[in-house]
There are 2 protein chains.
Amino acid sequence: MTDLDKHQRMANAIRFLAIDAVEKAKSGHPGLPMGAADIATVLFTQFLKFDPTAPDWADRDRFVLSAGHGSMLLYSLLYLLGYEDFSLDELKNFRQLGARTAGHPEFGHGAGIETTTGPLGQGLGTAVGMAIAEKLQESRFGKDLVDHFTYVLAGDGCLMEGISQEALSMAGHLKLNKLIVIWDDNGISIDGAVSLTDSTDQVARFAASGWNTLSVDGHDPAAIAAALRQAQASDRPTLIAAKTTIGFGAPKKAGTNGVHGSPLGADEIAGTRAALNWTYEPFEIPSDILDAWRIAGLRSAHAHKDWQKRFAAVDAETRAEFERRNRGDLPAGFEKAVLDYKKQLAEDQPKMATRKASEAVLTVLNEVVPETIGGSADLTGSNNTKTKQTAPVTPDDFSGRYIHYGIREHGMAAAMNGMALHGGVIPYAGGFLIFSDYCRPSLRLAALMGQRVIHVMTHDSIGLGEDGPTHQPVEHYAALRAIPNMNFFRPADITETLECWQLALETQDKPSILALTRQDLPSQRKSFEEDNLCARGAYVLVDSDDDAAVTIFASGSEVEIAVEAHGELKAAGIAARVISVPSFELFEAQSDDYKASILGKSPVKIAVEAGIRMGWDRFIGSDGIFIGMTGFGASAPAKVLYEHFGITPKAVVAAARAKLGADPK
Amino acid sequence: MTDLDKHQRMANAIRFLAIDAVEKAKSGHPGLPMGAADIATVLFTQFLKFDPTAPDWADRDRFVLSAGHGSMLLYSLLYLLGYEDFSLDELKNFRQLGARTAGHPEFGHGAGIETTTGPLGQGLGTAVGMAIAEKLQESRFGKDLVDHFTYVLAGDGCLMEGISQEALSMAGHLKLNKLIVIWDDNGISIDGAVSLTDSTDQVARFAASGWNTLSVDGHDPAAIAAALRQAQASDRPTLIAAKTTIGFGAPKKAGTNGVHGSPLGADEIAGTRAALNWTYEPFEIPSDILDAWRIAGLRSAHAHKDWQKRFAAVDAETRAEFERRNRGDLPAGFEKAVLDYKKQLAEDQPKMATRKASEAVLTVLNEVVPETIGGSADLTGSNNTKTKQTAPVTPDDFSGRYIHYGIREHGMAAAMNGMALHGGVIPYAGGFLIFSDYCRPSLRLAALMGQRVIHVMTHDSIGLGEDGPTHQPVEHYAALRAIPNMNFFRPADITETLECWQLALETQDKPSILALTRQDLPSQRKSFEEDNLCARGAYVLVDSDDDAAVTIFASGSEVEIAVEAHGELKAAGIAARVISVPSFELFEAQSDDYKASILGKSPVKIAVEAGIRMGWDRFIGSDGIFIGMTGFGASAPAKVLYEHFGITPKAVVAAARAKLGADPK
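Residues numbered from 1 in each chain as written. Chains lettered and ligands numbered in written order. Predicted model: local features only at pLDDT ≥ 70, side-chain atom pairs only at ≥ 80, totals over all residues. Heavy atoms only, no water.

Q: Describe the overall build of chain A, and please don't skip the residues or the numbers.
A: Helix and strand counts for chain A come out as 26 helices and 20 strands. For chain A, the C-alpha atoms occupy an extent of roughly 95 × 55 × 45 Å along the three principal directions. When contacts within chain A are restricted to residue pairs at least 6 apart in sequence, long-range pairs at least 24 apart make up 78% of them. For chain A, the accessible area works out to roughly 20500 Å², and carbon and sulfur atoms hold 49% of it. Averaging the coordinates of the 64 positive side-chain charges in chain A and doing the same for the 84 negative ones gives two points 1 Å apart. (Helix = DSSP H or I, 4+ residues; strand = E, 2+ residues; numbered from the N terminus. Contact = heavy atoms within 4.5 Å. Areas by Shrake-Rupley, 256 points an atom, 1.4 Å probe, with all protein chains shown as cover. Lys, Arg positive; Asp, Glu negative; His and termini not counted. Charge placed at Lys NZ, Arg CZ, Asp CG, Glu CD.)

Rendered as C-alpha cells:
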C-alpha cells in the first residue's frame, strides 16, 4: 500500500463513518465530511498536536470545526484517533437524545470538542479568541509552556456571514500567525452553487486584511501538507483555500447541494462504496486503517511528555499560577479585596455612574486578578473598562491586558468565548447595551457553553440621553434575561456594581452581562454587609414589613426612583418597602421561601424600570403596576426623558396612592 | 469669488451649522460634518437629484448617511437646500425633545431623512436594499420612470461592522451599479487612530467583491466630482475612498478623536472660525451662501418636471399601478383571494407544517400581489419562500421576484428595510428563527421606522429536532415579542398562517415575523370564519364558558397539544377552553373588555409553548402553570424532544388535575 493509498483509505474511513451515521440517524450532513476528509486526515495525522489520553493538555493545538453541520467529520476523527468519549456506539447514536454526538458539535458533550459550532461563522470568531489567548499566555509563561496552533475548518457559509469579516480583520491586524484557517472551498451552499449568491474573491479579501494566503487542491494530501507547513512558518495568520468536492465519492450527488444536508440514501451509498472501493459493512473500519488512525492518535505523546518535563522544570510558583489560571480559580486575595473595598464604599458613599463605579471596582480587582483581559469595542472612554493595570495589547506585544477590539461587537464577543474556552484568561470587555443585539449569537453560545465571559454594557437606558432611540435599550433587559444560563446584572449603585462584578468573576460556568448607566447614581447601600446581597438576585433594600401596603421593585438606575418614592409614601403615612432586583436569573435560583418573602403580600406592587414590562409580572403579578417604557425612546437630555416617559418618583407615588384609593380619582 | 472659494464657503456653512448646533445642544458629533462637508457639498450641489418641494418624488436619488452620528451634516444640508421640515429653529433645537433634529437621523422625523441610521453599518446595508429596489422597479416600469442613484456616506465604523461585508458582497454580486458609497476615510475612531484596531486595505476588500473602486482627496472638490462622474458611469457598484480630516478646520482637535463625539468648546470654535475665515455669528449663514445653497436645492426642479411629463405620458393603468405600489396599498383583489382560499381550507382541512402552509398561502397571494419580492438566506427549500410566481433575480436581470440573499441574515434584513423604504415593493424573506439573532439590529430598525418587511422564520422550536440546541429557538419568542412595534406571529395551522400573512401584508407601518414549524400540524380551524381571528392576537379556539375550570393558552405548534389536552380533560368531565395566541402584540391592542374575556376567570390557567415562560404571566398570572422550556434544547428527533421536555397533552392534563385537586398528590 502506497502512502497515497493509505491516506485515501484513512480518509475514506472518515467518509463512511459520516455516511453511515447520517444514514442511520436519517438526518445530518454527509457532504462536508466527505469533501473535507482529505484535509482532516493530513491535518490530524501530520500536524495537529494533541493527546487523546489527555484531551485537556493546556498546550494542545486547538481544532475548530467552524462549519459545525459537518459534525460527523469531528466525531469520526475523535473515534478513529482514540478519544475515549467517542466510541463507535456514540457514532451509531448520532443525533439521538443523550448522545455525545449531537447534530452539531456541543462543547462539554465529550473531550475533544473544543467549542460549540453550528451557527455559521461563530467557530471562526471563536478561534480568533483562542489564538489571542495563546499569544497572551505565551507572553506570560513563555514558549516552553505555551506554543500551539489554532486550526479552523471553515465553509463558504462561515465566510459569507458578517462576523467573518470582524474576525478576520481582527486576526490580520493582530498578526495572529498561529491561526490557520482552512477554507473548505466546495462552491456549494444549500440553495445551490455559491456563485448564485456571491462573487467574492475570498483569497483577495483575506489578503486585504494582511493574511498570508495559499490555495491548494483539497484532495491532494501532499499539497495540503505543504500548505500547512508554510502556514506554520508564517508571521501572519494564514488562509488555506482548499478546493474540494462536496460529497466526494458520491457518484451522482458529489459536487451538488443534494449531498449537503440529508442522508445519501441506500443507492447512492452503494455507489459511493463502489466508487471509493470501500467493501466494508456500515460502521466497519478495517483493522489496518483503525490501527493507522490510532497510531496517529499517539503521534504527539512524546511532545506531551516533553512538555510535561519542561513544565516540571519550571519553578513551583509559576507552575501553580499556570495551573490555577487554567483551572479558572480566582487568586487567594480576591475575596478580601472585595470586602475591603466594600467597607470603604460603605464609608465613602460615592455618587457616580455605574460605568464609572465599574471602572473603580475594576481598578481594585484587576490588581488582584492578573488573568483578566479587558477591552472594548471602540468605546474605551465610555465603557470605562480600562484601568491602570491594563496596558494595550498590540500586534507585536501581547504582554498587555487590554484589547482594542475595534467596532466589532460580534467579533469581540466570539473572540471572548474563544479566550475563555482556551483557558488561562478571563475576558471582559465593553460595548453599549444597545449593541448587545449585534453580538447576540455569540452571547447565546457563551451561555450554551457555560463560559465565563463578562460583558460590560454601558449606556443602559434612556438615561443616556441625546443619542436617541437608536442607542437607547428598551427591550434589551427582557431580551437578555430571556437567554438561559446567563447572568444579566443591572446594579443600582457602586456597591451593587462591586457585588455583581464579584459574582461575574466567581461564576465559572456562566457568562455575565453588567448593564451600567451613563448617568450618576447615589449610593444606596448605607451600611457594610459582608454578604453579597446581589447573589440573591433580589433583596430588601429599604425595609418594612413584607405586608407593607406597597412594595416597589426596581433595578439599576430606577432604584433611586423607587427609594425616593418610598420616602414620599412614608411621609404620607403609607408603609412601603423597596426591593432591589439586580438579577432575575439569580432570584429564580433562590428557595421558594426566600422568593415568597421577597414577593411579599403587599396589596400594591409596583415595578420601576426604564424598559418594557416583559418579565416583571413575575414580581408584581399581571395586575401589578409597571412604571417604565411601552415603546422606543427619544432624543433629549436624560432628565427630560425620564419626565417625558413618566418614570419618576412622583409617578410611582401617584400610582400607589390611586391603587390604594388614597386619592380621589 | 472663485468657484473654489464659493465651494469652500458653502462647505463651511455646513461645518458651522454643525459646530453651533452641537455646541448649543452641549452634545453631538461635530467631527464628521466638518470632515465630510466638502464631499457633501459636491454631491448635493452637482450630483444628487432631488426636489426639496417634493421630497417624496419616487425617482429621486437616495442619500443615506450611514455614519448617522454625523446627523448635523444631514440636517444642515436639508436646511440649506430648503427642505421645509428643517428650519433654522429645528437646527437650534438639535437633540431636544420633540425636535426633528434627533441625535441620529430618525426616519419619519422630517422629509429628507431617507432612513434611520446610527447603529453602524446599517445605513450601508439599507442602501443596498434601496439600490436593489431601484433595479427591480426600473425593470418593471422602465428607465423613464425609474432611474436614480443611491448614495451612501459611510465611516470607518460602518466598514468595520460585519454587516458591511454582507452588504458589500451582496451589492458586488448583484452588480448594483447605481449604488455609490463614499467612505469618509478619516482614519479616526473613538478609541483613537483606526490603525489601533484595523489594518484592512478597504479598497482591496471592496475590489475583492467586484466593486469599482476610486480613491480621492476628500477635500478636493474637483477630484470628488470627477470620482462621482466615474462612479455614475460604472457597470458595478462604486466605492469612493475619500481621505478626509475629521474636524477639518479645528486648529487643535482636527484629525484627532477629540473632535468625534463632543462639542468643540468656545476656544476651539473661535479658532475654527478664524482658521476658516468664518466671521458670522452662531447659526448665521450669509445671504450669498444661503442663496447659493437654495439655488442648488432647485437644481433638479426641471428634472422633476421632465419626469412628471414622462409619467403623464404613460398609460393610465401603468400610472395607477406605479402609484398604488408606491403608496403601499394592496391590489383590489387581495381580500377576495384571502377569503376564497380560507373557504377552501375550511373544506380541505389540510395537515401540514406551517412553513409549507406559508408556501401554499404565498402561492395564492403572490398571484394577486405582484409587488412582493421573496427571498431566503440560503434556505429556500427549508423556508418554503419561493413560489411558482417568483423567478430568481440575477445580476443581469431584475425582472424576477426572488432574491437568493446568501448566508447573510443581517445583510438581508437590512436590505429588506431599504427595499421597503424605497417603496414600490414588499419584501419578504426567509431564515431559521434561531438566526433572528443574527439580524436583530435590522429587525429593530424596521420596527423603529415602522416599515413593512416580512420575515418568514421557520424551524421555530425544538420541533426542528436533530439539529440541536444551536438551532432550536427557546428564548426567541420572548426576545422578539419584546421589540416594540413589531408583529411576531406564531400561527397554529394553515388557516392561521393565512390570516397572519394577511395581517403582515395589510400592516403598512410595522414589520412582521412569522414563526413557522418544520413539523406537520393538523388544521385547527374547523369552520370558515370571514373575520381574521388572528387580528385579535388571541381568541377562543375551543370554546367553553370563560369561567371553565381550566383555560389553556398556546401558540403555534403547541396549540395542537392544548387541543388534545382539552379533549382529555373533557373526557374526564373537566370543563376547559383553549385560547390560541398567535400574537401578543395584537392582543394588547384589543379593548379591555375583550382582553378580560380572553383571560377569563378559570381557576386554573395554563400556557403551553415550546419556549421560555417570559411573557406568559400576562395570560396565566404569576401563579399560573407554564408547560414549556426552562433552558436550551437538545439534539434528537422532534417527538422524542417533546416527550423529554414534558411538553405533551399528558403533562398539561396532569398539571391541570393536580392544581384542581382532581388527583391525589
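Q: Outline the relation of the copies chain A and chain B, supporting the account with residue identities and numerical values.
A: It takes a turn of 180° to lay chain A on chain B, together with a shift of 0.0 Å along the axis; the resulting RMSD is 0.0 Å. With respect to symmetry, the two chain copies, as superposed, fit the operation of a two-fold axis. Looking at chain A, 100% of its interface residues are interface residues in chain B too, so the copies touch through the same face. (Least-squares fit on C-alpha atoms with pLDDT ≥ 70 in both.)

Q: Describe the sheet that holds strand β6 (residues 212–217) of chain B, and please don't skip the residues or the numbers.
A: Residue and element names in this part refer to chain B. What the 5 strands build is an open sheet, ordered β1-β2-β3-β7-β6; its pairing is parallel. Either end of the sheet is taken by a strand with one partner, and the two such strands are β1 (62–65) and β6. The sheet shows a mean angle of 15° between the axes of neighbouring strands, taken without regard to direction. Two strands pair when backbone bridges link them, and β1 and strand β2 (residues 150–154) are joined in this way by 4 bridges, in the parallel orientation. Bridge pairing in β2 places arginine 62 opposite threonine 150. (Pairing = 2+ DSSP bridges. Axes fitted to C-alpha atoms, helices over the stretch in contact; angles between N-to-C directions.)

Q: So what's going on with the environment of Pro649(A)? Which residues, and what values?
A: All names here are of chain A. In this fold, proline 649 is placed in helix α26 (residues 649–660). When its relative accessible area of 14% is taken as the criterion, proline 649 is described as buried. Note: C-alpha distance between proline 649 and isoleucine 561 (88 residues apart in sequence) is 5.1 Å. Leaving out residues up to four positions away in the same chain, proline 649 has contacts with Ile561, Glu564, Ala565 and Glu568. (Buried < 20%, exposed > 50% of the residue type's maximum accessible area, 1.4 Å probe, protein only.)

Q: Describe the pattern of salt bridges, with residues and values.
A: Enumeration according to the criterion identifies 69 salt bridges over all chains in this entry. Across the pair Asp147(B) and Lys178(B) runs a salt bridge, and its minimum N-O distance is 2.7 Å. Placement of Asp147(B) in the loop between α5 (122–141) and β2 and of Lys178(B) in the loop between α7 (163–173) and β3 (179–185) is noted, with a sequence separation of 31 residues between them. Taking the relative accessible area as the measure of exposure, Asp147(B) reaches 29% and is therefore partly exposed. The class for Lys178(B) is buried, based on a relative accessible area of 7%. Taken together, the shared-partner salt bridges connect Glu134(A), Glu138(A), Lys143(A), Asp147(A) and Lys178(A) into one network. (Salt bridge = Lys/Arg side-chain N within 4 Å of Asp/Glu carboxyl O.)

Q: Explain the sheet that holds strand β20 (residues 625–627) of chain B residue by residue, including any values.
A: In a beta sheet, neighbouring strands pair by backbone hydrogen bonds and run either parallel or antiparallel. All names here are of chain B. With respect to topology, 5 strands assemble into an open sheet ordered β16-β18-β17-β19-β20, the strand pairing being mixed. Of all strands in the sheet, those bounded by a partner on one side alone are β16 (539–542) and β20. Strand-to-strand twist of the sheet, defined as the mean angle between neighbouring strand axes without regard to direction, takes the value 30°. Both strand β17 (residues 550–554) and strand β18 (residues 576–580) contribute to a ladder of 5 bridges, which runs parallel. Bridging across to β18, threonine 551 finds its partner in arginine 577. Across the face of the sheet, helix α23 (residues 592–599) comes into contact with β16, β17, β18 and β19 (604–608) while running at roughly 130° to β18.

Q: Before we move on, can you summarise the pairing of strand β7 (residues 238–243) of chain A with the specific residues and values?
A: Residue and element names in this part refer to chain A. Here β7 lies mainly inside the structure; 5 of its 6 residues are buried. The pairing of strand β6 (residues 212–217) with β7 spans 6 bridges and is classified as parallel. Each bridged residue has a counterpart across the sheet, and for aspartate 217 the counterpart in β7 is lysine 243. Where the polypeptide runs from β6 across helix α9 (residues 221–232) and back to β7, its parallel neighbour, the crossover connection is right-handed. (Right-handed = clockwise from strand over helix to strand, strands pointing away.)

Q: Pulling in residues and values, what's your account of the packing of aromatic side chains?
A: The geometry of an aromatic ring pair comes down to the distance between the two centres and the angle between the two planes. A full pass over the atoms with the stated rule returns 46 aromatic pairs over all chains. For the pair Tyr75(B) and Phe94(B), a centre-to-centre distance of 6.1 Å together with 70° between the ring planes defines the contact as edge-to-face. Residue Tyr75(B) is found in helix α3 (residues 71–81), and its partner Phe94(B) is found in the loop between α4 (88–92) and α5; the two are separated by 19 residues along the sequence. Judged by its relative accessible area of 1%, Phe94(B) is buried. The interplanar angle of 50° and the centroid separation of 5.3 Å between the aromatic rings of Trp616(B) and Phe619(B) together place this pair among those described as tilted. Since its relative accessible area comes to 0%, Trp616(B) is described here as buried. On the basis of relative accessible area, Phe619(B) is assigned to the buried category, the value being 2%. What links up through ring pairs into an aromatic cluster is the set Trp57(A), Phe141(A), Trp307(A), Phe311(A) and Phe322(A). (Phe/Tyr/Trp six-rings, centres within 6.5 Å; stacked < 30°, edge-to-face > 60°.)

Q: Quick one: what's the story with helix α1 (residues 3–25) of chain A, residue by residue and with numbers?
A: Between the first and last C-alpha of α1(A) there are 33 Å, a value that for 23 residues agrees with the 33 Å anticipated at 1.5 Å per step. The first or second residue beyond α1(A) is Lys26(A), which carries a positive phi of 60°. (Expected span 1.5 Å × (residues − 1).)

Q: Explain the state of the cysteines to me, using residue names and the numbers behind them.
A: Counting across every chain of the model gives 0 disulfides over all chains. Cys158(A) takes part in no disulfide bond, and the closest cysteine sulfur to it belongs to Cys439(B), at a distance of 18 Å. Taking relative accessible area as the criterion, Cys158(A) reaches 0% and is therefore assigned buried. (Disulfide = S-S within 2.5 Å.)

Q: Break down the UniProt feature "domain: Transketolase-like pyrimidine-binding" (unreviewed entry) in chain A for me, with residues and values.
A: Sequence positions flagged by UniProt for "domain: Transketolase-like pyrimidine-binding" (unreviewed entry) are, in local numbering, residues 352–523 of chain A. Between the C-alpha atoms that bound residues 352–523 of chain A the distance is 8 Å, and the span itself is 36% helix and 18% strand. (UniProt positions renumbered as here; feature names shortened; annotations may be inferred.)

Q: I'd like a rundown of the packing of helix α2 (residues 31–47) of chain A against α9(A), residues and numbers included.
A: Residue and element names in this part refer to chain A. Two elements in contact, α2 and α9, have axes separated by 9 Å at closest approach and are oriented at 55°. Accordingly, the angle class assigned to the pair α2 and α9 is oblique. Between α2 and α9 lies a crossing whose hand is right-handed. Facing α2, whose interface residues are Asp38, Ile39, Val42, Leu43, Gln46 and Phe47, α9 presents Pro221, Ile224, Ala225, Leu228, Arg229 and Gln232. By residue class, the composition of the contact of α2 with α9 is 8 nonpolar, 2 polar and 2 charged. (Parallel < 35°, antiparallel > 145°, perpendicular 65-115°, else oblique. Left-handed = near helix turned anticlockwise from the far one by under 90°. Nonpolar A, V, L, I, M, F, W, Y, C, P; charged D, E, K, R; others polar.)

Q: Explain the interface of chain A and chain B to me, and be specific about the residues and the numbers.
A: Each side of the interface is counted separately: chain A has 93 residues, and chain B has 93 residues. The salt bridge involving Asp437(A) is made with Arg440(B); its shortest N-O contact spans 3.0 Å. Put simply, chain A and chain B have 44 residue pairs in polar contact (both at pLDDT 80 or more) between them. The leading source of residues in the side of chain A that touches chain B is helix α18 (residues 440–449) of chain A, at 6 residues. (Polar contact = N/O pair within 3.5 Å; in protein donor to acceptor, adjacent residues only side chain to side chain.)

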